[in-house]
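# Coordinate inspection notes
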Amino acid sequence: MGSNGVTNTDPVILATAGYDHTIRFWQAHSGICHRTVQHPDSQVNSLEITPDRQMIAAAGYQHIRMYDLNSNNPNPVVNYDGISKNVTAVGFHEDGKWMYTGGEDSCARIWDLRSRNLQCQRIFQVNAPINCVTLHPNQGELIVGDQTGAIHVWDLKTDHNEQLIPDPDASIQSVSIDADASYMAAVNNKGMCYLWTLTGGSGEEPTQLLPKTKIQAHKRYALKCKFSPDSTLLATTSADQSVNIWRTADFSLKCNLALKNSTLTEQVQKRWVWDCAWSSDSQYLVTASSDNMARLWAVEQAEVKREYSGHQKAVICLAFNDCPPT
């Protein structure tokens, strides 16, 4: 990115944020931080890049801020306020028509990005703080996970919702659906990963969830789950300071991504792994940890290829996009 604020031509966008009130943008291949944006109001809980790669949304305490990716403007260009408590999840419709959020006020919201009035269009209320929201690949159903262990499937066409509770004594931390809409995974604060086979979900037919299996993914708190873009792998991140990679063919463990020694870092102060994102070729995984670092892993070798060092406090969220629009 030029100093005069010209368009960012780097095909890879990598951003990280957390408790130090900054959003950092990195050259993924070199590990160099090329831009830092201040987010003074609060920590950043979640980051998401818009489908057109023009902006990035940062979800914090009582607000969402949108920053321009293609200029050096240090200030947010759009502010969504008026939410109580933390916003914990943010994402976008694939055409960029609307944004969805979820938060500790027990509400999932839809925001029309084409409207100028910055008000949310629809609200889905549940009975507990929301930890995660994910959009079904059909773009018509939101999956909401809450702190009482409930997973809600909100059909945006009919406003109907289904609810399932795999364990009423555990908080749902993260939900992921693979790109083929074959499987849904959910992880909880007991380290369990639940898996369902998906049917329906096209046309007027709602998605049906058929329990497939459950695995003790981690011995401690699980924090995030993400299917790879090619649907062959599932990553689960944890408070046990590592990431497990599972094969979707049989949900056996492929490898464990953990720091083995201090060859790439002075301090092997391994901490909670809060977030992760896959590369588009499913070969690499970027992770965010509370040792103030983000890391790029080569999954096949289970090795750290790059470290992103610069944050002063825990890194709890990241956004990664290596698919330039055609």
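Note that this is a predicted model, so its numbers are computed, not measured.

Now for the packing of aromatic side chains. Counting across every chain of the model gives 7 aromatic pairs. Between the aromatic rings of Y221 and W272, the centroid separation amounts to 5.3 Å while the plane-to-plane angle is 35 degrees, which identifies the pairing as tilted. With a gap of 51 residues between them, Y221 in the loop between β19 (208–216) and β20 (222–227) and W272 in the loop between β23 (253–257) and β24 (273–278) connect regions that are remote in the sequence. Y221 gets classed as partly exposed once you look at its relative accessible area, which sits at 31%. Its relative accessible area of 26% is what places W272 among the partly exposed residues. Three or more aromatic residues link up through ring pairs in this structure, and these residues are Y221, W272 and W274.

The biggest cluster of nonpolar side chains holds 15 residues, and the ones touching the most others in it are I23, F25, V44, L47 and I56. The element contributing the most residues to this core is strand β1 (residues 13–18), with 3 residues. L47 has contacts with A15, T16, A17, I23, I56, A57, A58, V90, C317, L318 and A319, leaving out every residue within four places of it along the chain.

Right, let's talk about the sheet that holds strand β14 (residues 151–155) for a bit. Strand order in this open sheet of 4 strands is β12-β13-β14-β15, and the pairing throughout is antiparallel. Of all the strands in the sheet, the pair left with one neighbour each is β12 (130–135) and β15 (161–164). Along the sheet, successive strands turn relative to each other by an average axial angle of 20 degrees, direction set aside. Where strand β13 (residues 141–146) and β14 come together, 5 bridges link them in antiparallel fashion. For E141, the partnering residue across the bridge sits in β14 and is D155.

The antiparallel open sheet is built from 4 strands, whose spatial order is β24-β25-β26-β27. If you trace the sheet from one side to the other, it starts and ends with β24 and β27 (303–309), each paired once. On average, each strand axis in the sheet is inclined to that of its neighbour by 20 degrees, with strand direction left out of account. Note that strand β25 (residues 284–289) and strand β26 (residues 293–298) share 5 bridges and pair antiparallel. By the bridge assignment, L285 is partnered in β26 with W297.

Calculation notes
- Residues numbered from 1 in each chain as written.
- Predicted model: local features only at pLDDT ≥ 70, side-chain atom pairs only at ≥ 80, totals over all residues.
- Heavy atoms only, no water.
- Phe/Tyr/Trp six-rings, centres within 6.5 Å; stacked < 30°, edge-to-face > 60°.
- Helix = DSSP H or I, 4+ residues; strand = E, 2+ residues; numbered from the N terminus.
- Buried < 20%, exposed > 50% of the residue type's maximum accessible area, 1.4 Å probe, protein only.
- Core = buried A, V, L, I, M, F, W, Y, C linked by side-chain atoms within 4.5 Å.
- Contact = heavy atoms within 4.5 Å.
- Pairing = 2+ DSSP bridges.
- Axes fitted to C-alpha atoms, helices over the stretch in contact; angles between N-to-C directions.

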